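Per-entry structural report
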Amino acid sequence: MALLPQQTGQMIASVDCELMSMPKVAIIISGFAVLLLAVAIIVLQPTGPQTRPLLSFSAPFVFGHFNIPADNPLTAEGVKLGRRLFYDPLLSANNRVSCATCHLQQLAFTDGKAHSVGVSGIPLPFNSMSLANTLWGPQHFFWNGRAQSLEEQALMPIQDPNEMAQDMNELIDKLRADEVYVRLFGAAYGEISAKNIGRAIASFERTLISANSKYDQFLRGELKLNTQEERGRKLFMAHPDAKASLRGGNCIDCHSQFLTSGFNTQFDGFTNNGLEAEETLEPGLEALTGLAADRGKFKVPSLRNIALTAPYMHDGRFSSLEQVLDHYNGGIKLSSTLSPLIFEANNQQNDSTLSLNLNKEEKQALIAFLHTLTDNTFINDKRFSDPFSKQVQHNE
Amino acid sequence: MNKVWIAIFTVILILAGSAYMAFYYHQSGSVILEFHARVGDKSLEFGQPLYPNPGGKGRFSIRAFQVYLSDIHLVGSKQDYQVSDSYHLARFDNETRRYRIELSDVPYDEYSDVMISIGVDEEANSSLMPRGDLDPNGRMAWSWEVGYKFLLFEGGLEQENSRLPLVYHVGFSENLKKQRFNLPKTITPGSAPIHFDVDVLALFDSHQSIDMATLPSVKFDRNDASLLAENYANLLSLSVKESHNPVEN
């Protein structure tokens, strides 16, 4: 927008040249038109800060389409502010808990605990979810999908009494008293407000793209997977069909082939994967939709960096990938909303047990493939690290 | 003075001409296709075992139903209008049980036929390009080595004391079904929507009646997939009804 007046100037000059031979009336009329245009430009000029689009942003072709909300474009200023807010314990009631307390970069933005613990010290019902590649996959956030945008999501843990327990008005006062934040908010959004806190954190989260794992390098044709990993990849990508002699790990029915996340259409990325029998089903997605058919459905997470994000499932009940595979291989519990794709998947024909019936080598191959999703570039990327750390500041 | 009159006259002529072009000349516009789902003579409901197993005992429920409609053509008196990137993922899990495609900027013509394919053409089926509603990370994608599911049906069959999961994922390029619908009267851009019935039951009870208990899932077995494809060739029909409220149970 800063370039506009200059451009208009050039345009006026060229228009004037062409008007030389026309009658005076025409010149007067066009003079008015130019004046009107100038007034319009001044009036319509946005009053917000001058921001720069984020230049370093890129994503692999195979990840596909994504949407960034029109009212929160990715800007260098917004991301810089969001990164600082993400790592700042000032955002909690006791000034000791930040977003990064439960989302550590070294663990692909999880915390290694079955149940995260915040300000209250009471373990939360849920496991901290990785923040990699949130631009793709289900755009309903939290395990039960209760936030409909990252902007909305970002503000909820801050105010949750068991997480950061921070009163929003008090937080705005704290930020207004801090001249660094006054400057950063001024540059990114103009003013300090709850909405802009959400926008900034969401912007930073959108930049957390994991796309340089061994699997990514394989997809780019830069390397080959070893025999075991390749066997695991094939199993991952196949729904078993004993009749067609196709063995499968059944992963792709819920975890998309490249993103390895749940599907982004409507609530297709939420499923009941057989953790509980009917009597003990938790509400899950039902808490949001009110539909009995959604009881026990939880968000299908991305499996990117899965070897780093133990323990597993929404409640962190499994401590290892072996336990996860054992769950799908004989631990499934039947309920009315169990995914028919899990209910039906069996590598053994005419077998009525609820099991994939994978053998030991197949399970090991799947785990080997899951390890190819670990992205060391992502967990060491300086752009995503704690800006308060002295070492990082030197590197910037 | 004369010159001024000539100028004014010219302006009036140009304005009148433009107005004529704008309002009376045959314009391009949109053509709307509306697809209304039902299950035989019943309305489409999700998650309830309402529908008799066509070839055997028990009743089945529907958890999910999605199908790719693609390569839409309108056959006109002067031209064929081919919709670009025409891959439409039809789903009916909304209140109206309706899926709507709006084709915009269709050039003016009198169109007598609509051509729709069920499935995805071979070239797009083996590509990673996200065109139209094709999404290699979507629910309808198998792995890139296999391609897309053309039709997805998931549900359950309730028999006396048992429940059987139903999984019908049908794909493979040979199962692309091209359909041609001759309209009772020609349409032009801007006409009323063209209504189609989508009879989900046709998948199990048209060319052949299927006993869901003996064939509870279809995925990669080529014969089974082609059996269901012969049936889904009868999925669509031009709607004959005047009103389009969901049918009553």
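Residues numbered from 1 in each chain as written. Chains lettered and ligands numbered in written order. Predicted model: local features only at pLDDT ≥ 70, side-chain atom pairs only at ≥ 80, totals over all residues. Heavy atoms only, no water.

Of the residues in chain A, 86% reach a pLDDT of 70 or more, and the chain-wide mean stands at 90. Note that pLDDT drops below 50 for residues 1-22 of chain A; the model gives that stretch ten contacts with residues more than four away or on any other chain. (pLDDT = per-residue confidence, 0-100. Contact = heavy atoms within 4.5 Å.)

This part covers helix α8 (residues 194-206) of chain A. All names here are of chain A. Its 13 residues give α8 an end-to-end C-alpha distance of 18 Å, which sits within 8% of 18 Å, the value for a rise of 1.5 Å per residue. In terms of burial, α8 is largely enclosed, as eleven of its 13 residues are buried. Tucked inside the fold, the buried residues of α8 contact α3 (76-87), α5 (150-159), α6 (168-176) and α7 (179-188). (Helix = DSSP H or I, 4+ residues; strand = E, 2+ residues; numbered from the N terminus. Expected span 1.5 Å × (residues − 1). Buried < 20%, exposed > 50% of the residue type's maximum accessible area, 1.4 Å probe, protein only.)

With that settled, the discussion passes to the interface of chain B and chain A. Each partner contributes residues to the interface: chain B has 31 residues there, and chain A has 37 residues. Of the roughly 2,800 Å² buried between chain B and chain A, counting both surfaces, carbon and sulfur atoms make up 55%. Of all residues in chain B, Asn137, Trp144 and Arg163 of chain B give up the largest surface area on contact with chain A, accounting jointly for 25% of the area buried on that side. Between Asp268 of chain A and Arg139 of chain B there is a salt bridge; the shortest N-O distance is 2.9 Å. At the junction of chain B with chain A, the criterion picks out 18 residue pairs in polar contact (both at pLDDT 80 or more). At the level of secondary structure, the elements contributing two or more residues to the side of chain B that touches chain A comprise β4 (59-76), β9 (149-159) and β10 (162-171) of chain B. The dominant element in the side of chain B that touches chain A, judged by the number of residues it contributes, is β10 of chain B, at five residues. Classifying every residue of the side of chain B that touches chain A by side-chain character gives twelve nonpolar, seven polar and twelve charged. (Buried area = accessible area lost by both parts, 1.4 Å probe. Salt bridge = Lys/Arg side-chain N within 4 Å of Asp/Glu carboxyl O. Polar contact = N/O pair within 3.5 Å; in protein donor to acceptor, adjacent residues only side chain to side chain. Nonpolar A, V, L, I, M, F, W, Y, C, P; charged D, E, K, R; others polar.)

What follows deals with the pattern of salt bridges. Residue and element names in this part refer to chain A. Tallied over the full model, the rule gives 31 salt bridges over all chains. In this structure, the salt-bridge partner of Glu230 is Arg233, at a minimum N-O distance of 2.9 Å. One end of the pair, Glu230, and the other, Arg233, are both in helix α10 (residues 227-236), three residues apart, so they sit about a helical turn from each other. An identical accessibility class is assigned to Glu230 and Arg233; each is buried.

Moving on: a nonpolar patch on the surface. All names here are of chain B. Taken together, the side chains of Val4, Trp5, Ile8 and Ile12 define a hydrophobic patch exposed on the protein surface, amounting to about 410 Å² of accessible area. On the secondary structure map, Ile12 appears in helix α1 (residues 2-23). The class for Ile12 is exposed, based on a relative accessible area of 53%. (Patch = residues over 30% accessible without salt bridge, like charges linked within 9 Å, V, L, I, M, F, W, Y side chains within 5 Å. Areas by Shrake-Rupley, 256 points an atom, 1.4 Å probe, with all protein chains shown as cover.)

It is worth spelling out the packing of α5 of chain A against α8 of chain A at this point. All names here are of chain A. At a minimum axis separation of 8 Å, α5 and α8 run at an interaxial angle of 110 degrees. Between α5 and α8, the crossing angle belongs to the class labelled roughly perpendicular. Within the contact between the two elements, α5 uses Leu150, Glu151, Gln153, Ala154, Leu155 and Ile158 and α8 uses Ala194, Ile197, Gly198, Arg199, Ile201, Ala202, Glu205 and Arg206. Here the contact of α5 with α8 is built from residues that sort into eight nonpolar, two polar and four charged. (Axes fitted to C-alpha atoms, helices over the stretch in contact; angles between N-to-C directions. Parallel < 35°, antiparallel > 145°, perpendicular 65-115°, else oblique.)

Here we come to the packing of aromatic side chains. The description of an aromatic ring pair rests on the distance of the ring centres and on the angle between the ring planes. All names here are of chain A. Taken as a whole and assessed by the stated rule, the structure comprises 30 aromatic pairs over all chains. For the ring pair Phe109 and Phe378, a centre distance of 5.7 Å and an interplane angle of 65 degrees mean the geometry is edge-to-face. Remark: Phe378 occurs in helix α15 (residues 376-380) and Phe109 occurs in the loop between α4 (99-102) and α5; sequence separation between them is 269 residues. Both residues of the pair, Phe109 and Phe378, belong to the buried class. Here a set of aromatic residues connected by ring pairs shows up, and it is made of Phe86, Tyr87, Phe109, Phe204, Phe378 and Phe384. Looking at Arg146, its charged tip hangs above the ring of Phe142, at a distance of 3.8 Å from the centre. (Phe/Tyr/Trp six-rings, centres within 6.5 Å; stacked < 30°, edge-to-face > 60°. Lys NZ or Arg CZ within 6 Å of the ring centre and 35° of its normal.)

What follows covers the pairing of β10 of chain B. Residue and element names in this part refer to chain B. With seven of its ten residues buried, β10 lies for the most part within the structure. Pairing analysis gives ten bridges linking β9 to β10, with the strands arranged antiparallel. Within the sheet, the bridge partner assigned to Gly156 lies in β10 and is Pro165. Counted between consecutive antiparallel strands, the loop separating β9 from β10 contains two residues. Across two bridges, the pairing between β10 and strand β13 (residues 217-218) is parallel. Across the sheet, the residue bridging to Tyr168 is Val218, located in β13. (Pairing = 2+ DSSP bridges.)

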